[in-house]
Each structure stands twice: as structure tokens, then as C-alpha cells.
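Single-letter residue listing:
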Amino acid sequence: MDKPPSYCEYVADFDDLNLHKKYHDTQYGFEINTDNELFGRLILEINQAGLSWETILKKQNNFRSAFANFDIQTIANFSANDISKLLQNSGIIRNKLKINAVIHNARKVIELQSEHGSFKAWLTENYGLSLDEWVKLFRAQFKFTGGEITKEFLVSTGFLPGAHIPSCPIANRLKNI
């Protein structure tokens, strides 16, 4: 079977209980208004690298719990002991490089908050950049944010277009929000 050309077409025939369908219909491309939730999405995107999105969706609540409800300040202060606990947590992706990147990135977000008022404000100030420009900007600020991770983070949070095809009912709903 050929892969559908869009996420919208991929989930079109799934029932409402399917993880992909629920994510597509309630989160993908939707604006996120808090820095912690934006950072939480970045955590999920970083951890998806090399794995299926379904794996991450199944572990989403585990990530939230393991990473202090995505509280940026708390994550920035994680200790070696916290890292050891995360590496033992079978509910998340136990990859030391990804875990260290999340902690590093939390510290960078705190710097951006200090300079720009919020992580969201920094993202908004850069709205309109091309994908290549975003990737360069993310690589200059964060760890473990290559082209695909940066793209999916920005598309999934509405900072880059393309989350939904024009015929998707969710695209129409997002226009009216």
C-alpha cells in the first residue's frame, strides 16, 4: 500500500479512538499558548527521531510525567540523579543524548524567555522565516534539532504552514479559531 501524501489522508479512515486520528484532530497544527506546552511538543519531536510517531503518541503521557509536566524551569535544573532516573524509565525513550538535549534546550528556552519575554514570543518574532532559516536558527540555539525535527515542531504548532490539506475538515476548523 502506498503511503498517503498527507497526514490528513493517512488518518481519514481511522476511527476517533485511533492515536493518530486524535492527535491530528485535536493537536496537530493547533496553536499552543504556553511555553511549557510548546517545549513539551519540542521534547516529543526530539524523542521521535529515528522512531515512529505512534511510539511517541503512546508514550506522550509518560513523557509529561517524566519531564515534570513539561515545566521548563524544573527540567533546566535536572541533576545527574534525575538523568539516571530518566535513563531507567521504560515509559519514555531512554536515550542519553536526547535526555541531555532536552535539559540543555530547557536552559536555552529560559535564556530566550529572559531576552524575549517568552519562548512563544521568540517564535512569533521569527514567524515568516523559511524552513531553511528556521533550521539554522534552531541549530544555533538548541541541540538535537535537525531539519525534520524543526520542521515537524513548527508545522505541528502552527508556526509553519502545511499541517492540514485544504480539503481537511480540521483545516477549516483551524481557520475559524
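This section reports on the structure supplied with the text.

Procedures and definitions
Residues numbered from 1 in each chain as written. Predicted model: local features only at pLDDT ≥ 70, side-chain atom pairs only at ≥ 80, totals over all residues. Heavy atoms only, no water. Helix = DSSP H or I, 4+ residues; strand = E, 2+ residues; numbered from the N terminus. Rg over C-alpha atoms; globule rule 2.2 N^0.38 Å. Buried < 20%, exposed > 50% of the residue type's maximum accessible area, 1.4 Å probe, protein only. Contact = heavy atoms within 4.5 Å. Phe/Tyr/Trp six-rings, centres within 6.5 Å; stacked < 30°, edge-to-face > 60°. Salt bridge = Lys/Arg side-chain N within 4 Å of Asp/Glu carboxyl O. Axes fitted to C-alpha atoms, helices over the stretch in contact; angles between N-to-C directions. Parallel < 35°, antiparallel > 145°, perpendicular 65-115°, else oblique. Nonpolar A, V, L, I, M, F, W, Y, C, P; charged D, E, K, R; others polar. Left-handed = near helix turned anticlockwise from the far one by under 90°.

### Focus on the overall build of the protein
And step 1. Across its full length, the protein holds eleven helices and zero strands.
And step 2. Along the protein, helices (α) and strands (β) appear in the sequence α-α-α-α-α-α-α-α-α-α-α when read from the amino end.
And step 3. Taken against the 2.2 N^0.38 rule, which gives 16 Å for 177 residues, the C-alpha radius of gyration of the protein at 16 Å falls within 12% of a compact globule.
And step 4. Judged by the C-alpha coordinates and their principal axes, the protein covers about 45 × 35 × 25 Å.
And step 5. Put simply, the protein has 177 residues, and 44% of those count as buried.
And step 6. Summarising the internal contacts of the protein: among those between residues at least 6 apart in sequence, 62% fall at separations of at least 24.

### Considering the packing of aromatic side chains
And step 1. Inspection of the entire model under this criterion finds 17 aromatic pairs.
And step 2. Measuring from ring centre to ring centre gives 6.2 Å for Phe-67 and Phe-78, while their planes differ by 25°; the resulting arrangement is stacked. Taken together, the residues span a long stretch of sequence, with Phe-67 in the loop between α4 (53–66) and α5 (72–76) and Phe-78 in the loop between α5 and α6 (80–88) at a distance of eleven residues.
And step 3. Phe-67 gets classed as buried once you look at its relative accessible area, which sits at 1%.

### What about helix α10 (residues 147–156)?
And step 1. Of all ten residues in α10, seven are buried; the element is thus mostly enclosed.
And step 2. Every buried residue belonging to α10 is among Ile-149, Thr-150, Glu-152, Phe-153, Leu-154, Val-155 and Ser-156, and all of these are buried.
And step 3. In the core, the buried residues of α10 are packed alongside α2 (19–26), α3 (35–48), α8 (119–125) and α9 (131–141).
And step 4. Gly-158 occupies a position one or two residues after α10 and carries a positive phi of about 85°.

### What to know about the pattern of salt bridges
And step 1. Evaluated as defined, the whole model comprises five salt bridges.
And step 2. Note that Lys-120 is salt-bridged to Glu-31, the shortest N-O span being 2.5 Å. Linking Lys-120 in helix α8 with Glu-31 in the loop between α2 and α3, this pair joins segments that are 89 residues apart in sequence.
And step 3. Judged by relative accessible area, Lys-120 falls into the buried class, the value being 15%.
And step 4. Across the salt bridge formed by Glu-111 and Lys-108, the nearest N and O atoms sit 3.3 Å from each other. Of this pair, Glu-111 and Lys-108 both sit in helix α7 (residues 96–116), three residues apart, which is roughly one turn of the helix.
And step 5. Owing to a relative accessible area of 18%, Lys-108 belongs among the buried residues under this scheme.

### Points about the packing of α2 against α4
And step 1. Here α2 crosses α4 at 80°, and the two axes come no closer than 10 Å. Judged by the angle between their axes, α2 and α4 are roughly perpendicular. Of the residues in α4, those touching α2 at Leu-19, His-20 and Tyr-23 are Trp-53, Glu-54, Leu-57 and Lys-58.
And step 2. The residue inventory of the contact of α2 with α4, partitioned by class, reads four nonpolar, one polar and two charged.

### A look at the environment of Glu-111
And step 1. For Glu-111, a relative accessible area of 39% corresponds to the partly exposed category.
And step 2. With 22 residues separating them in the primary sequence, Glu-111 and Glu-133 have C-alpha atoms 20 Å apart.

### Observations concerning the packing of α3 against α4
And step 1. Here α3 crosses α4 at 135°, and the two axes come no closer than 10 Å. Considered as vectors, α3 and α4 are oriented oblique to each other. For the element pair α3 and α4, the recorded crossing hand is right-handed. Between α3 and α4, the residues in contact are Glu-37, Ile-43, Leu-44, Glu-45, Asn-47 and Gln-48 and Trp-53, Ile-56, Gln-60, Phe-63 and Arg-64, respectively.
And step 2. A per-class count over the contact of α3 with α4 returns five nonpolar, three polar and three charged.

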